[in-house]
Amino acid sequence: MMRVEIWPNKTAVGWRAARIVRQQLARYPNSVFAMPTGMTPLEMYRFLVKWHGAGKLDASHARFFNLDEFVGLPRGAPGTYFRYMQERFWGPLALRPDQFDIPRGWADDLEAECRRYDAAIQRCGGLDLALVGLGANGHIGFNEPGTDPRVGTHVVELSPSSRKAQLPWFQGREDRVPNRALTMGIASILSAERVLMLVWGRGKARAVAKALLGAIDPAVPASLLRTHSHFTVLLDREAAAWYLRLRGRMYGGRVLGPHIACRPD
Ligand code: GLP
């Protein structure tokens, strides 16, 4: 079942995502998470760090597996997701090294690293909650359009549009953006007990409409999440614009989406 929540802005989306993480931790302290990077979850991490600092969040029994990482950059180099997580989540929450993992894009044997990563997730009993962002081309993690949805962690060639989207993390220097990445597979994401997708901004509005209303097709990797039995989507108004318009047209103008008031604390 898919549940779509529409929130007023990106702060509200981040707040709601952070609340869901906090609830999961409160109910099941030893939960296993898949964690996203990029612009989308910045506010979510900000709230999680704030609540941790205020003693309102205990992540000391949880495990966090990142969705993806670039290939070819040294561990923790600028632009890596390792660095992103270290600065915004693992470090501020003082997580122990055994509590977090990320595909090692700096490994010599990438195939072996993919197998190591899948095995590490399995050893923890599999994912409880997978959080994902959405690429403007419909990708999740770095599963580009057309990816075989059955595979686990694997090496990907990044599409030109996905590389462009990374420019803000590489001082606008396209030559510095890696060509390849490691990503959890769609199968890994779908194996989670729950999947939560966060999206904000008008730049994602078309991708949202395609993913949520178009055909369920590997050409739009995020559309495959609709096959999951517990899939929640958090959108801000801008990201929801096309979805609401098209859904209204498809269902005779009846738009029933929940509009929830936001009280970020
Ligand atoms: C990036 C990441 C994804 C992310 C998506 C959206 O390339 N590999 O994990 O969810 O694309 O990125 P952003 O949140 O910066 O828009």
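This one's a predicted model, so the numbers in the text were calculated from it and none came from an experiment.

> What's the story with the side chain of Gln 99 in this structure? I'm lost.
Tracing the backbone shows Gln 99 in the loop between α3 (81-90) and β5 (100-101). Under the relative-accessibility criterion, Gln 99 is labelled buried at 2%. If sequence neighbours within four positions are ignored, Gln 99 has contacts with Ala 59, Ser 60, His 61, Ala 62, Arg 63 and Phe 64.

> Quick question: what am I supposed to make of the pairing of strand β2 (residues 32-35) here?
Where a strand is regular, its side chains alternate between the two sheet faces. Taking every second residue as pointing to the same face, both faces of β2 are buried, with Val 32 and Ala 34 on one and Phe 33 and Met 35 on the other. Relative to strand β3 (residues 63-66), β2 is paired through 4 bridges, and the arrangement is parallel. Across the sheet, the residue bridging to Met 35 is Asn 66, located in β3. With helix α2 (residues 42-53) bridging β2 and its parallel neighbour β3, the resulting β-α-β unit is right-handed. Where β2 lies against strand β6 (residues 129-132), 2 bridges are found, and the strand directions are parallel. If you follow Ala 34 over to β6, its bridge partner there is Ala 130.

> Help me understand helix α7 (residues 205-213) in this model?
Turn by turn, an α-helix covers 3.6 residues, leaving residues three or four places apart pointing in a common direction. Of all 9 residues in α7, 7 are buried, a share of seventy percent or more. Turning to α7, its buried residues number three or more, namely Ala 205, Ala 207, Val 208, Ala 209, Ala 211, Leu 212 and Leu 213. On its buried side, α7 packs onto β1 (2-7), β9 (194-199), β10 (231-236) and α8 (237-250).

> Explanation requested: the state of the cysteines in the structure shown.
A covalent bond between the sulfur atoms of two cysteines is referred to as a disulfide. According to the stated counting rule, one finds 0 disulfides in the structure shown. Between Cys 114, a free cysteine, and Cys 124, which holds the nearest cysteine sulfur, the sulfur-to-sulfur gap is 17 Å.

> How do you make sense of the nonpolar core when you look at a structure like this?
Inside soluble globular proteins, nonpolar side chains tend to come together where they are buried. Core analysis: the largest hydrophobic core is formed by 46 residues, its most contacted members being Phe 33, Met 35, Met 44, Leu 48, Phe 64, Phe 89 and Leu 131. Contributing elements (two or more residues each) for this core: α1 (10-27), β2, α2, α3, β6 and β9. Broken down by element, the residue count for this core peaks at 8 residues, all from α1. Beyond its immediate chain neighbours, meaning those up to four positions away, Leu 48 contacts Ala 18, Val 21, Leu 57, Phe 89 and Leu 93. Counting residues in hydrophobic clusters, the runner-up holds 37 residues, among them Ala 120, Met 184, Met 197 and Phe 231.

> Looking at this structure, I do not really get the environment of Val 49. What am I missing?
With respect to the helices and strands, the residue Val 49 is situated in helix α2. Considered as a pair, Val 49 and Ala 18 are 31 residues apart in the sequence and their alpha carbons are 9.6 Å apart. Sequence-distant contacts of Val 49, that is, excluding residues within four places in its chain, are made with Arg 88, Pro 92 and Leu 93.

Reading the values: the criteria
Residues numbered from 1 in each chain as written. Predicted model: local features only at pLDDT ≥ 70, side-chain atom pairs only at ≥ 80, totals over all residues. Heavy atoms only, no water. Helix = DSSP H or I, 4+ residues; strand = E, 2+ residues; numbered from the N terminus. Buried < 20%, exposed > 50% of the residue type's maximum accessible area, 1.4 Å probe, protein only. Contact = heavy atoms within 4.5 Å. Pairing = 2+ DSSP bridges. Right-handed = clockwise from strand over helix to strand, strands pointing away. Disulfide = S-S within 2.5 Å. Core = buried A, V, L, I, M, F, W, Y, C linked by side-chain atoms within 4.5 Å.

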